[in-house]
Amino acid sequence: MLEIGFDTVRLDDDNSALVILDQTLLPNNTEYLHLKSKEDIWNAIYKLQVRGAPAIGIAAAYGIYLGMKQSYTLTYEAFYDEFLEIKEYLASSRPTAVNLFWALNRMENCVKNNKDKEIGKIKKALLDESNTIFQEDVAVCKKIGENGLSLLKPQMGLLTHCNAGTLATGKYGTALAPIYLGQEKGYDFKVFADETRPLLQGARLTTWELNEAGVDVTLICDNMASIVMKNEWIDAVLVGCDRVAANGDTANKIGTSGVAILAKRYGIPFYVLGPLSTIDLASKTGKDIQIEQRPGEEIYKAWYQKSMAPEGIKTYNPAFDVTDAQDITAIVTEKGIVYPPFREGLYKLFENKSLRGD
Ligand code: MRU
């Protein structure tokens, strides 16, 4: 059993608040926030106090429950209208990770499926559904870890970008799940974590959580990925995903596509790991995925004591990029490993399953 000494995202014991570990303060402070209002939850998602595709979905599901718990409406119609308002509001927090919309759609289905019940019972159904989304994530990520581990051997050197670990999910992570499961089996992986500019999820979060778990982790700057590959220190690249299109094009943290291109150059397998809730068959290719643009000051100011560029400088700060399917070796999900050409394999995963929670 993987022991984790912190909670990324959970509901308070008396179901009154969303409790998140404030990731903007890591690695120096471990402070938990208790969020009750939809505005606080929206802000926490927008500011990346809670982040990573699956964790955003879980936070939004609990956000819906907490928002609707406070509703004074007496009829189903009024309750549903209020639900739609909160759903739309939370959906506007970040555009790229499809898990957000997937979780919100699941919560909407829950409301509709309980239409004939009294309002108190619909609220209880929303509580149960948000807890189920959380618990399913834990089980799904464990399975992703097992499937991912089948591709790896003891002592391998692994490179990861951004943070797709416990801090991005309910427990195991996606890209980091095989590393945790391997650690339990004494695989002794050597992990290299890209710092992941500009918000430094690799430096601040991945090294922190792997270090806490006793995994051998080395921090590198993003522009050092090539040299560690050339040194033959990397046997596989493992990354998470925010949205996988039907053809396998994959949006993940800015810089991921460059790592994939480098890995191809050096003949290193490049694995994308993620749950079915991150696969969006409604996006035909990467061109259909909306890439979040974030404030320019994150590049040169937000993380520094002094500005690192002239005030008012023009900036371009996309939070994600799309790795072309042709640069991906395999996509590892809880239902199995999909190899190119991806379209058929990805569709197969959804046989007997609804898409995007619809
Ligand atoms: O902006 P972030 O920190 O939310 O971006 C996170 C990523 O890009 C992760 O790799 C992705 O969400 C997968 S998390 C299991």
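Definitions and limits used
Residues numbered from 1 in each chain as written. Predicted model: local features only at pLDDT ≥ 70, side-chain atom pairs only at ≥ 80, totals over all residues. Heavy atoms only, no water. Domains from an automatic or database assignment. Contact = heavy atoms within 4.5 Å. Salt bridge = Lys/Arg side-chain N within 4 Å of Asp/Glu carboxyl O. Polar contact = N/O pair within 3.5 Å; in protein donor to acceptor, adjacent residues only side chain to side chain. Helix = DSSP H or I, 4+ residues; strand = E, 2+ residues; numbered from the N terminus. Nonpolar A, V, L, I, M, F, W, Y, C, P; charged D, E, K, R; others polar. Patch = residues over 30% accessible without salt bridge, like charges linked within 9 Å, V, L, I, M, F, W, Y side chains within 5 Å. Areas by Shrake-Rupley, 256 points an atom, 1.4 Å probe, with all protein chains shown as cover. Axes fitted to C-alpha atoms, helices over the stretch in contact; angles between N-to-C directions. Parallel < 35°, antiparallel > 145°, perpendicular 65-115°, else oblique. Left-handed = near helix turned anticlockwise from the far one by under 90°. Core = buried A, V, L, I, M, F, W, Y, C linked by side-chain atoms within 4.5 Å. Buried < 20%, exposed > 50% of the residue type's maximum accessible area, 1.4 Å probe, protein only. Pairing = 2+ DSSP bridges. Near = heavy atom within 4 Å.

A. Representation of the domain arrangement of the protein within the structure. In terms of domain boundaries, the protein breaks down into domain 1 (9-142) and domain 2 (147-355). Taking only C-alpha atoms, the centre of domain 1 and the centre of domain 2 are 25 Å apart. At the junction of the two partners, domain 1 supplies 30 residues and domain 2 supplies 36 residues. Across the contact surface, domain 1 and domain 2 share one salt bridge. At the junction of domain 1 and domain 2, the tally comes to 15 residue pairs in polar contact (both at pLDDT 80 or more). The biggest single contributor to the side of domain 1 that touches domain 2 is helix H5 (residues 119-149), with six residues. For the side of domain 1 that touches domain 2, a count of residues per class yields 19 nonpolar, six polar and five charged.

B. A nonpolar patch on the surface, seen in detail. A surface patch of nonpolar side chains, amounting to about 300 Å² of accessible area, comprises Trp303, Tyr304 and Met308. When you line up the elements, tyrosine 304 lands in the loop between helix H10 (297-300) and strand S12 (320-323).

C. Representation of the packing of helix H2 (residues 53-69) against helix H4 (residues 98-113) in the model. At their nearest, the axes of H2 and H4 sit 7 Å apart, and the two run at 30 degrees to each other. Of the possible angle classes, the one that applies to H2 and H4 is roughly parallel. Viewed along their axes, H2 and H4 form a crossing whose handedness is right-handed. Facing Ala53, Pro54, Ile56, Gly57, Ala60, Ala61, Ile64 and Tyr65 of H2, the residues of H4 in contact are Asn99, Leu100, Ala103, Leu104 and Met107. Residue classes in the contact of H2 with H4 are distributed as 11 nonpolar, two polar and no charged.

D. The nonpolar core, seen in detail. The biggest cluster of nonpolar side chains holds 71 residues, and the ones touching the most others in it are Leu18, Ile64, Leu126, Ile179 and Phe189. No fewer than three residues from each of domain 1 (9-142) and domain 2 (147-355) sit in this core. The residues contacting leucine 126, other than those within four sequence positions of it, are Ile64, Tyr65, Met68, Phe79, Met107, Cys110 and Val111. If you look at the next biggest cluster of nonpolar residues, it comprises 29 residues, including Phe192, Ile234, Val338 and Leu349.

E. Molecular detail of the sheet that holds strand S8 (residues 243-245). Across the sheet, four strands lie side by side as S11-S8-S9-S12; this open sheet has mixed pairing. At either end of the open sheet lies a strand with only one pairing partner, and these are strand S11 (279-280) and S12. Two elements, strand S9 (residues 250-253) and S12, share four bridges in a ladder whose sense is antiparallel. Residue pairing in the sheet places asparagine 252 in a bridge with aspartate 321 of S12. Strand contacts of helix H9 (residues 256-265): S9 and S12, with the helix running at about 35 degrees to S12, the strand carrying the most contacts.

F. Examining the site of the ligand more closely. Taken together, 18 residues surround the ligand, and among them Arg51, Arg94, Asp242, Asn252 and Lys253 come closest. Backbone polar atom of glycine 52 to an oxygen atom of the ligand: 3.0 Å apart, as the coordinates give it. Alanine 53 is positioned such that a nitrogen or oxygen atom in its backbone is 2.8 Å from an oxygen atom of the ligand. For the ligand, whose unbound accessible area comes to 420 Å², protein coverage reaches 100%. Counting residues per element, the ones that place at least two in the shell around the ligand are H2 and S9.

G. Structural view of the pattern of salt bridges. Taken as a whole, this structure holds 17 salt bridges when the rule is applied. Among the ionic pairs, arginine 10 bridges to aspartate 7, the shortest N-O distance being 3.1 Å. Residue classification places arginine 10 among the partly exposed positions, given a relative accessible area of 25%. Overall, the relative accessible area of 34% leaves aspartate 7 in the partly exposed class. Each of the salt bridges in this network shares a partner with another, and the network as a whole consists of Arg94, Glu292, Arg294 and Glu298.

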